[in-house]
Each structure stands twice: as structure tokens, then as C-alpha cells.
Amino acid sequence: MFGTVWQDVRYAARMFLKSPGFTAVALLALALGIGANTAIFSVVHAVLLRSLPYGEPERLAVVWETSSRRATRHNVTSPANFVELRDQTKSFESMAAFYDWRFNLTGAGDPVEVPAQVTTGNLFSVLGAQAALGRTYTQEEVEAGNTNVAVLSHGFWQSQLGGARDVLGKTVSINGEPVEIIGVMPPEFRWFVKENSRGGKPAAMWVPTSFQITRGRYIQAVGRLRPGVSLDEARAEVQTVAARLEQQAPDYNAGLGVALVPVREQLAGELKTPLMILLGAVGFVLLIACANVANLQLARAAARSKEIAIRAALGAGRARVIRQLLTESVMLAVVGGLLGLGVAAWGVDALAALSPPNLIAAGEVRVSMPVLGFTFGVSLLTGVVFGLMPALEAARFDPNDALKESGRGSTGGPRGKRLRSAFVVAQVALALVLLVGAGLMIKSFSRLQSVDPGFDPENLLTMRVDLPATKYKEDAAIVAFYRQAAERLAALPGVRSATAINYLPFYSGLGARTSFTIEGREAPRPGEEPSTDVRVTDENYFRTLNIPVLRGRTFTAQEAAEKRPVIVVTEALARKYFPGEDPLGRRIAVEMEENPPMLEIIGVVGDARYDKLDAELYPMVYHTLPQLTYNAMTFVLRTDGGPLALSAAARREVQQIDRDLPLADVRTLQSWIGESVSRTRFGTLLLTVFAGVALLLAAVGIYGVMSYTVAQRQHEIGIRMAMGAQRRDVIWLVVGHGLLLTAAGVALGALGAFGLTRLMEGLLYGVSATDPLTFGGVALVLSAAALLACYLPARRATKVDPMTALRYE
């Protein structure tokens, strides 16, 4: 058995070498199809399938608050609610809390801002994670008061501390407080579960804390289920606890619910659907490549009909012929798979280079053993898929007919023609589905980019400063620093104006959303209070960003420097809560502190987008820094020329006030907007590339079938020309047949696209998943490509010499 298989392999290799053109085209199509699938599967494996660096991760669930009164799907919780959930639920073995923060680190070179997480002492034990070097902290030592310790990420240890083994026991200063480094986590460990990680960075440091039992919502939580407890059982229990908490504090916990999200699902976040769509898209590309190669195999089998007949006459049975042809197909697929690995290796590097931040981390996506197994499986399956039908068809020969000098072989008969036509129709249909998907994404992305953010983002430089609370203890000192720094920055040559704001537009989707009351109106029921987003800024903000003042005025310099009872609101707030009346002079109390004061509305400004370009415009109020003092603020500078050219000078001005302050996120505001749509851009680009490859493969498939048809019908064409057929008649004979197949493929593909593109509705903005213009435009593009693919063989057919063609042997 082995000997005959080896004989088949050697014979197949000789046949491939005898047909270099066929072999090259087939291998190219397969390498593109298999390589694209392998590259995308590498990303899918890294994001969705790879083993997680936690102990028994299937027992871990992230705990979020929800609200039936407001559109809060996954909201942070308060330490008070966390403690109640931790203590009252029996489904969880343990539960830990944490929140993302940033520290100013000194004592290890130049001052640097470090993304960190502040956690309860049991975070690592809940996750089941161990340090690679040293140890992690525990709940017991935190309860004993030992909170001045830190655990580092492997990347931070390498980049900032040079991977020094004596790092354990070393003391550094974070925000002016000394902490001892006690451990370094493994390279694969990451704990970063925020759904919208734009602008955020994976934690480089973990420090413990003893949370104060407050009502402010700012922490996240994770729990480890007890053995044998299902997630549904835990969900039922936490909803019972949530109902109890609502009864205990109806004003604060109105409509409270709790969502439990499996940790793998949380880490994948909103990436799962786009990745599945891309994986489906490259699957379509591979199917088109298979159809292409199958068509080539059919044509080649027709040309080899005499060879197959001779083998049959010498005793080869039908099964033996099928095995030989399948051996050739599998060999093609395996070699194509090996070439595809090269394409995939290049593709993974390209994906990592083109991907948006925090989507594909450097080194995380690679061609690993599971990926190699996937490629091997896809290669074998591909070989069988594209080889089986041609092999079965080739084995249905009539040896007597094939051995006649005039015989053409059964694969050149009606059944073979129908098969080749069916493959062409399938290629066109699959290509149309991909092209429609790409067209919808391109149109959606174009409309998204044309959305007005509500301000002028050109020539704006941003830089973030976080004042350590140990050094800037008084609100007056914080206000004085930011006003002094803004004045110095505004005085720089090339700077038109400078301002500061607590949450920058398009930075991480961060903000403060709370309720407020309107003076003179009846108090609403709990959970039905009007709500608003809150920003803190100064008198220069609206002028710096060119946000229009629609009514009234903005803050004066004195109001921005002192605590005055005034506030500025957006048009969305005025329109929603003061319909048909003038909000100027009205007073509201915003629930950002205990017993909030009434603040007079002095101005209404235009709406600005702070999260996403496609997000709903939400009501917003602007406070001054003395009213709501934040340690962390972001400077925004409007410049005359290129903003980044002033970054070094701006850094010097700030550090002349306090040389221990690092400046972070020094970049343009335009880049923040670009990052907010980077995932959409990335997905659109990939889908467009795959659709382009599909279009090319479909056109090549049509061209191949038409070329083969011309070769097979050369005698018929010669007779037609001898009898007076004109050049246009011959062209239409070939083109008409090709366009008929294309029309069938377009019709079939339109039906498929109509159903499949509905899966993309959540990824589209301003365009329907069944947009008729996109469907019609794609059909025209595909038809034009098919017309060109048909015209070239048709033009060659007109050059047939009737006398030569009529020498029918």
C-alpha cells in the first residue's frame, strides 16, 4: 500500500513539473487563501481561544453593576456595594476589587507615569496567578497595614528596570510615597478588562489598598465561583442581593442590577464579532481559491483524458484513478499550505503593525503550534474539497471513446461544462458577498469620518499631568498649579491659547455621569432624576477648542480661579430638560458631592463629542476647577503650526514648575479621534483587502473557464467564421456565455449578502445592511471585472484561423 502511495506522489510531482503554469497559478491561489486564513486565525486564537494566565479561568467572572433606569450595560460599582455583594453571596469562593490608576514614579531614572491598578489584597489569589519572580501581596498583610508594596509587570520590569534580578526589595517612589517591589509577574500575565481600552494601557504595576466604604462608584470587581456552582446560579443569587441593596438605599441604588461576565468573554470585549466576521471573510476567500483550483483541475483532467484512458486500459480501476488525482490535489494543498505559512508569517507582522493600540499586542500573536495544526488541517481539507469533484468527474470516462483520435474525453462533455460553470457561479457569488460587506464598511467608515465632533481638532496638542496628592494636598495648590502652567504654556511662541480639562475628548471614553436637580421643580421619583455628564475646565477651553457659545457667556478668569456658583451647559441638556424655555439664569444642583450647591446656568455652548463619533450626544455640564478639583488634568494647546513641534518646549515649561512631574500622552487631539475609529478603520481595511483578493480570484476563474471554452470550441468557432460570422458575433458568443454565468452568480450572491450582511448591522454607521446603492454598485464592479475577464479570451477567439481550425483530426 505504501509503495503505491509513494508511486502516486512521485508521479504527481512529475506531472506538476510538466505543467509549471498550472502549478504556479494553483499554488498562488492556495497560498493566498490558506495564508490569509492562518493569519486571521492566529489573531482569533490569541484573542479568543488561547489559554488564560489564571488558575481555572472558567470559574472567574467579572462583576458589573447595571441599571434598569438608565442605559448602563456594564457600570463600575461602589466600595459599599462591593462589600455587600462579597459578604452576602455564597456562590463565590472569593471576590476582589480593583480600579485603574496612574502613578508618577521616581527613583528609577527620569520621572515617568506608570499605568497601574489599585487592588484589594486578594486579587492575585482570586485570579490564581503567581509571580514569576518574588511574590505577590496577600489580603492578610494588607489587613495588617502593609500596603507600601508593589508588584510589577514583566514588560515594565524589562523596559524600565533593565530586567535586573536584584529588583526585589528595591524601593521606588510613587506619587511621593515609598513602596517596596516584592514581585514581577510572568510575561503572559495581563489583567485589563475595561471594555473600551482606547487611550488606556495595560497595568504595569499593582499596589494594594484598603478601600474606604464610600458610595462613589469607581471600582471594578472579579469573583471566583465555588466548585460546582454555575454562572446562572450565581447570577440568580446576585440579582437577589441587588434587589435587597435597592430596598436599603432606594435613592442611590434605584434600578440596581448586577451582571456577571465570564472572564474570557470580558477580555475579548467587543472584538469577538469583528473577528468572527473577518474569519468568515477569509473563509470565503479560501472557498473561492478552492473553486478556482477545482476548475483548473477539471480543465486539466479533460486534457489528460487519453492518459487516464491508457491507465484504465492497463488495468487501473476507477478507485485507483480517483486516488491518483486526489493525491495530486492533496499535494498541491500541502505545498500551498507551506507557502501559506510564509504568507501568514508576513501577514501576522502586517496585522500587528497596522492594528490599533491594545488590539494586537506585540509578540502576542504568532504562528504557534495550534495555528500550525489549524493550517495543516485546512490544507488537507482544502485538498480534498477542490480535488474530489474533479477526480470523480475524471473517473467517469469512457476509455474506448477517449482512445479514439477524435475523442475529447468525458470531462470535456456537458457534465464537465456544467461543473466548471457551477464553480464560476459559486466564485462570483462568494466574491459578491465579500464585496458588498467591504462596500458597506467603506461607506459606513466614510460617513463616520464626516461626523462633526463639535469642535475644531486641527493643531491641538495634548499632554496629561497628574499631581500627587501627597504633595498637592490642598485644592488651592492644585488650582494654582494648573492656572500657572496654562499661563506659561499660552505664552510660548507659536501657541494661540492653552487650557486644561479633566477628561479629554475621545480619551478612553472616560467621564463622570451623575444626576442633578432643577430648582423650582418637583423632586422626581428615585431613579428618574435628570442626568448629565460632567467636565471640569477653565475660561479658555471653549475658545481653545472653538466650541461655539450659543447663548449667554462662558466663565470669566475670576470665576475660573475662585469657587463661584456658576455653570455652563450644552445645547443637548438645554434641549432635553428646558424645552421651550430659556435655561439662562436657572439653577441646578449636580450630584458630584454631598449636599451639592445650586449653580446658576450662565451659558449654553454647542454639543461636543467626547467618547465616539457615532455615540449619542449626551447632556453635559462644565464646572470650573475650584468647584470640582481634580488632581489629574490634560492641557490642550492650540498652535499656529505643527503641534508636536512644541512638545519639548511645553514639557520644559511644566517641569520648571515641578521637575518631578512626568507628562504623559503628549500627542495631538486629532490622533485621539483617529484612535477612536482605528478598529473600524482596521476592520474596513482588512475586509476590503480580502474582497479585492476575492474579486481577483473570481476574475481569474472566469478568465480560465472562458479561455478553456475558447480552446474547446475552436473547431466550432472556425466553422462559424467560415460561414460568415463577424468578429462581434464571435466576441458575443464568448462574452455572452461569461456574462450569463456572472449574472447567475450575482443573483445568488445578492441573496446570500442580503442575509449575511445583517450580521454586520452593529458595525455600521449611517448605512443600512441592505443598502441598495452598495448592492447595485458592487454588482456593477463585479460585472465589469467579469466583462474584462471574458473579453480577453473572446478577443483571442476572433483571431482563430478558420482553415487551421477546420483541420479536425
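Our subject is the structure listed above.
Residues numbered from 1 in each chain as written. Predicted model: local features only at pLDDT ≥ 70, side-chain atom pairs only at ≥ 80, totals over all residues. Heavy atoms only, no water.

## A short note on the sheet that holds strand β13 (residues 495-501)
Strand order in this open sheet of four strands is β13-β21-β12-β22, and the pairing throughout is antiparallel. Two strands close off the open sheet at either side, each with one partner strand: β13 and β22 (664-668). In this sheet, neighbouring strand axes are inclined to one another by 15 degrees on average, regardless of whether the strands run parallel or antiparallel. As judged from the three bridges shared by strand β12 (residues 460-466) and β22, these two strands associate in the antiparallel manner. Across the sheet, Thr462 pairs through a bridge with Arg667, a residue of β22. The strands that helix α19 (residues 647-657) touches are β12, β21 (632-639) and β22; relative to β12, the one it contacts most, it runs at about 30 degrees. (Pairing = 2+ DSSP bridges. Helix = DSSP H or I, 4+ residues; strand = E, 2+ residues; numbered from the N terminus. Axes fitted to C-alpha atoms, helices over the stretch in contact; angles between N-to-C directions. Contact = heavy atoms within 4.5 Å.)

## Quick word on the packing of helix α23 (residues 727-756) against helix α24 (residues 772-797)
Orientation of α23 relative to α24, taken along the N-to-C sense of each, is 150 degrees, at an axis distance of 8 Å. It follows from the interaxial angle that α23 and α24 lie roughly antiparallel. At the point where α23 passes α24, the crossing takes the right-handed sense. Contacts from Arg727, Val730, Ile731, Val734, Val735, Gly738, Leu739, Thr742, Val746, Ala750, Ala753 and Phe754 of α23 reach α24 at Phe775, Ala779, Leu782, Ser783, Ala786, Leu787, Cys790, Tyr791, Ala794, Arg795 and Ala797. Here the residues of the contact of α23 with α24 are counted per class, giving 18 nonpolar, three polar and two charged. (Parallel < 35°, antiparallel > 145°, perpendicular 65-115°, else oblique. Left-handed = near helix turned anticlockwise from the far one by under 90°. Nonpolar A, V, L, I, M, F, W, Y, C, P; charged D, E, K, R; others polar.)

## With respect to the packing of aromatic side chains
Evaluation of the coordinates by the stated rule reveals 19 aromatic pairs. On the basis of an interplanar angle of 70 degrees and a centroid distance of 5.3 Å, the ring pair of Phe124 and Tyr137 is categorised as edge-to-face. Of this pair, Phe124 sits in helix α4 (residues 123-127) while Tyr137 sits in the loop between β5 (133-134) and α5 (139-143), placing them 13 residues apart in sequence. Just as Phe124 is buried, Tyr137 falls in that class too. Geometrically, the ring pair formed by Tyr472 and Phe481 is edge-to-face, given 5.8 Å between the ring centres and 65 degrees between the ring planes. Of the aromatic side chains, those joined through ring pairs into one cluster are Tyr54, Phe98, Phe124, Tyr137, Phe189, Trp191 and Trp206. The ring centre of Tyr252 lies 4.1 Å from the NZ or CZ of Arg217, which sits over that ring. In this structure, Arg758 packs its charged tip against the face of Phe754, placed 4.6 Å from the ring centre. (Phe/Tyr/Trp six-rings, centres within 6.5 Å; stacked < 30°, edge-to-face > 60°. Buried < 20%, exposed > 50% of the residue type's maximum accessible area, 1.4 Å probe, protein only. Lys NZ or Arg CZ within 6 Å of the ring centre and 35° of its normal.)

## Details of the pairing of strand β15 (residues 531-537)
Among the seven residues that make up β15, seven are buried, leaving the element largely enclosed by the rest of the structure. The side-chain alternation of β15 yields two buried faces, one formed by Ser531, Asp533, Arg535 and Thr537 and the other by Thr532, Val534 and Val536. Examined bridge by bridge, β15 and strand β20 (residues 620-624) share five bridges and lie parallel to one another. Within the sheet, the bridge partner assigned to Arg535 lies in β20 and is Tyr622.

## Examining the pattern of salt bridges
Overall, the coordinates contain 24 salt bridges when judged by the stated rule. Between Asp456 and Arg638 there is a salt bridge, and its shortest N-O distance comes to 3.5 Å. Highlighted residues: Asp456 in the loop between α14 (414-449) and β12 and Arg638 in strand β21, separated in sequence by 182 residues. Residue class for Arg638 comes out buried when judged on its relative accessible area of 7%. With a closest N to O distance of 2.8 Å, Asp640 and Arg496 form a salt bridge. Taken together, the residues Asp640 in the loop between β21 and α19 and Arg496 in strand β13 connect sequence positions 144 residues apart. Salt bridges linked by common partners bring Arg102, Glu113, Arg464 and Asp665 together as one network. (Salt bridge = Lys/Arg side-chain N within 4 Å of Asp/Glu carboxyl O.)

Geometric values such as these leave the question of function open.
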